[in-house]
Amino acid sequence: MGFRCGIVGLPNVGKSTIFNALTSAGIDSANYPFCTIEPNVGMVPVPDRRLDTLADLVKTRRKVNAQVEFVDIAGLVSGASKGEGLGNQFLGHIRQVDAIAHVVRCFEDSNIVHVDGSIDPLRDREIINTELILADLETIGKRLTRTQSLAKSGDKLYKTQLAILEEVQQRLNDGIPARLLSLDDTGQKLVRELCLLTAKPVLYVANVAEEEIIAGNRWVEKLQEAAQGEKASVVVISGAIEEELGTLEEKERQEYLQELGMEETGLNRLIKAGYELLGLINFFTVGEKETKAWIIRRGTKAPQAAGVIHTDFERGFIRAEVIAYDDFVACKGELGAKEKGLLRLEGKEYIVQDGDCITFRFNV
C-alpha cells in the first residue's frame, strides 16, 4: 500500500515543472497548453530520518524507502467535462488516483502565458472544481435513471439508494463536492462505487515565485482562506526552487535550503500533507540484509499490515513481534529491546502504530 497522488490544474500553472522537480523524471514542460497529454508517472521515495537511523544502527546492506506515486495529469480547461481541451480523457485519469494535488498559479511572469489571460487563483480553483462537479453530475445522472427504474419494484435497497443519489445530486448542483457531504455508511459505500471525482481528498499546491517562498503573497492568502472553507490544506511551493534543488547533491541542497531560510524541500512538505490527508503512517522491517519502510493507513491491524509485504503473510498470520521505534533506537537494536522486555508479541487485533519495527511470524 502506498498512495497515488494526481497533480491537476489549468495549463501553464507549473504542474509539470513541479512534477519534474519532485520525480526527476525529465519530462517536457513547455510554455504552451496541453504540453502533457498522456499522464506522466513517477515513483518518489518518502524521506524518513527514522529509516536512516535504523539502517545505520543495524548496518543494513540495503535501505528501502516507502514510495509515493505522483501522476502528472494534463491541464484541464473550462468545458473539460463536455470534452473541451482534451476533456474526458483527463477526467478518467483522475479517477485512478487516491488523492488530488491541485496546483494553483500564484506568481506573475509575463514570459509564461496564462490560459485565461490573468492571475486569479480563486477563479482557477473554481474552474477545476466546477469541471469535476459537472463530471460527477453526469455520473450521478446515469445512475439515477437506472435506480429510479429499479426502485419502482418497491425494493428497499433501491429506494434507499435513490434517496442518497438525489441528495448527492442536489448538493453537487449547489457546488458542494462529494467529499464534504455527511453521509452514513450506506451513502459512503455508494459514493465509493461511483468513483466520484469530487469525493477524492484534495490539497492545494500554491506555486509561487522564488522570492515569495517564505513570505507568500496576496494570492496565497486568498487561496488559503478559500481552502479553509472546505477544510483543505495548502502547501506553498516554488517550482523554480524545487527544480533547482533536484539538480544538487545532498550537501549543496542543504546549504541552498539554509540560504533560502527553508527547513525542508517542497517535496517533503507535499508528502507530509499527503500522509495527513489520507491518514497514512509508516512501519519498518529491520535487518542486516534489508531495512525497509512500509506505508499503511492509520488504524490498520497487524495481519493487514503484514499483507502489505506479501499476501501470504496476511493469510498465514500467527503474530507480530513489535518494538516501538524509540525503544529500538534507545536499546541499540532488537537484542537490547528483548533484554529489557520491550519486544511485544501482538495478535490479530493489534493496531499498528507509526514507527513500529515489526517481525511477522506466519504459516505458509
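Going by the structure above, here's the rest.
Residues numbered from 1 in each chain as written. Predicted model: local features only at pLDDT ≥ 70, side-chain atom pairs only at ≥ 80, totals over all residues. Heavy atoms only, no water.

## Some points on the overall build of the protein
The test is simple: Secondary structure counts use DSSP, requiring at least four H or I residues in a row for a helix and at least two E residues in a row for a strand, with both numbered from the N terminus. A contact between two residues is defined here by any heavy atoms of the two lying within 4.5 Å.
In terms of regular secondary structure, the protein is built from 14 helices and twelve strands. A fraction of 69% describes how many contacts in the protein between residues 6 or more apart in sequence connect residues 24 or more apart.

## Describing helix α9 (residues 250-260)
Helical geometry note: an α-helix holds 3.6 residues per turn, so side chains three or four residues apart project in the same direction. Convention followed: Working definition: with a 1.4 Å probe on protein chains only, accessible area under 20% of the residue-type maximum means buried, over 50% means exposed, and in between means partly exposed. The directions considered for the arc run from the helix axis to the C-beta atoms.
Looking at α9, one finds that the buried residues are Tyr-256, Leu-257 and Leu-260. For α9, the angular spread of the buried residues around the axis is 100°, confining them to a single face. Among the exposed residues of α9, those pointing more than 90 degrees away from its buried face are Lys-251, Gln-258 and Glu-259. Backbone geometry just after α9 places Gly-261 at a positive phi near 80°.

## Quick look at empty space enclosed by the protein
What counts, and what does not: Cavities and pockets were defined on a 1 Å grid built from protein atoms only: a cavity is a group of points that admits a 1.4 Å probe but offers it no way out, a pocket is an open group of points flanked by protein on both sides within 12 Å along at least five of seven lines, and a lining residue is one with an atom within 4 Å of any such point. Grid points are joined across faces, edges and corners, and a volume is the space filled by probe spheres set on the points. In the scheme used here, Gly and all other residues not listed as nonpolar or charged are polar, with Ala, Val, Leu, Ile, Met, Phe, Trp, Tyr, Cys and Pro taken as nonpolar and Asp, Glu, Lys and Arg as charged.
Counted by the stated rule, this structure contains one cavity of 30 Å³ or more. Computed from the structure, the largest cavity encloses a volume of approximately 30 Å³. Lining the largest cavity we find Val-8, Ile-100, His-102, Ile-128, Asn-129, Leu-132, Arg-179, Val-202 and Tyr-204. Counting residues per element, the lining of the largest cavity draws most heavily on helix α4 (residues 121-151), which supplies three residues. Split into classes, the residues belonging to the lining of the largest cavity amount to six nonpolar, two polar and one charged.

## Focus on the pattern of salt bridges
The condition that has to hold: For salt bridges, the criterion is a side-chain nitrogen of Lys or Arg within 4 Å of an Asp or Glu carboxyl oxygen.
Evaluation of the coordinates by the stated rule reveals 20 salt bridges. Put simply, Glu-69 and Arg-4 hold a salt bridge, and the shortest N to O gap is 2.8 Å. With a gap of 65 residues between them, Glu-69 in strand β4 (residues 67-72) and Arg-4 in strand β1 (residues 3-8) connect regions that are remote in the sequence. Note that Glu-321 is salt-bridged to Arg-361, the shortest N-O span being 3.0 Å. Placement of Glu-321 in strand β10 (residues 317-323) and of Arg-361 in strand β12 (residues 357-362) is noted, with a sequence separation of 40 residues between them.

## Focus on the side chain of Asp-48
Filter applied, for reference: Polar contact is defined as a pair of N or O atoms within 3.5 Å, subject to the rule that within protein one atom must be able to donate a hydrogen and the other to accept it, and that residues adjacent in sequence are counted only when both atoms are side-chain atoms.
Relative to the helices and strands, Asp-48 is located in the loop between β2 (40-45) and α2 (49-58). Its relative accessible area of 10% is what places Asp-48 among the buried residues. A distance of 3.1 Å separates the side chain of Asp-48 from the side chain of Asn-282, its partner in a polar contact. Apart from the residues lying within four places of it in its own chain, the contact partners of Asp-48 are Asn-65, Asn-282 and Phe-284.

## What about a negative patch on the surface?
Condition: Only residues whose relative accessible area exceeds 30% and that form no salt bridge enter a patch; like-charged residues are grouped when within 9 Å of one another, and nonpolar side chains (Val, Leu, Ile, Met, Phe, Trp, Tyr) when within 5 Å. To be clear on the numbers: accessible area is Shrake-Rupley with a 1.4 Å probe, and residue cover counts the displayed protein chains and nothing else. Asp and Glu count as negative and Lys and Arg as positive, but His and the ends of the chain are not part of the count. The atom standing in for a charge is NZ when the residue is Lys, CZ when it is Arg, CG when it is Asp and CD when it is Glu.
A cluster of acidic residues, Glu-210, Glu-211, Glu-243 and Glu-244, forms a negative patch on the protein surface. Here Glu-244 lies in helix α8 (residues 239-245). Since its relative accessible area comes to 37%, Glu-244 is described here as partly exposed.

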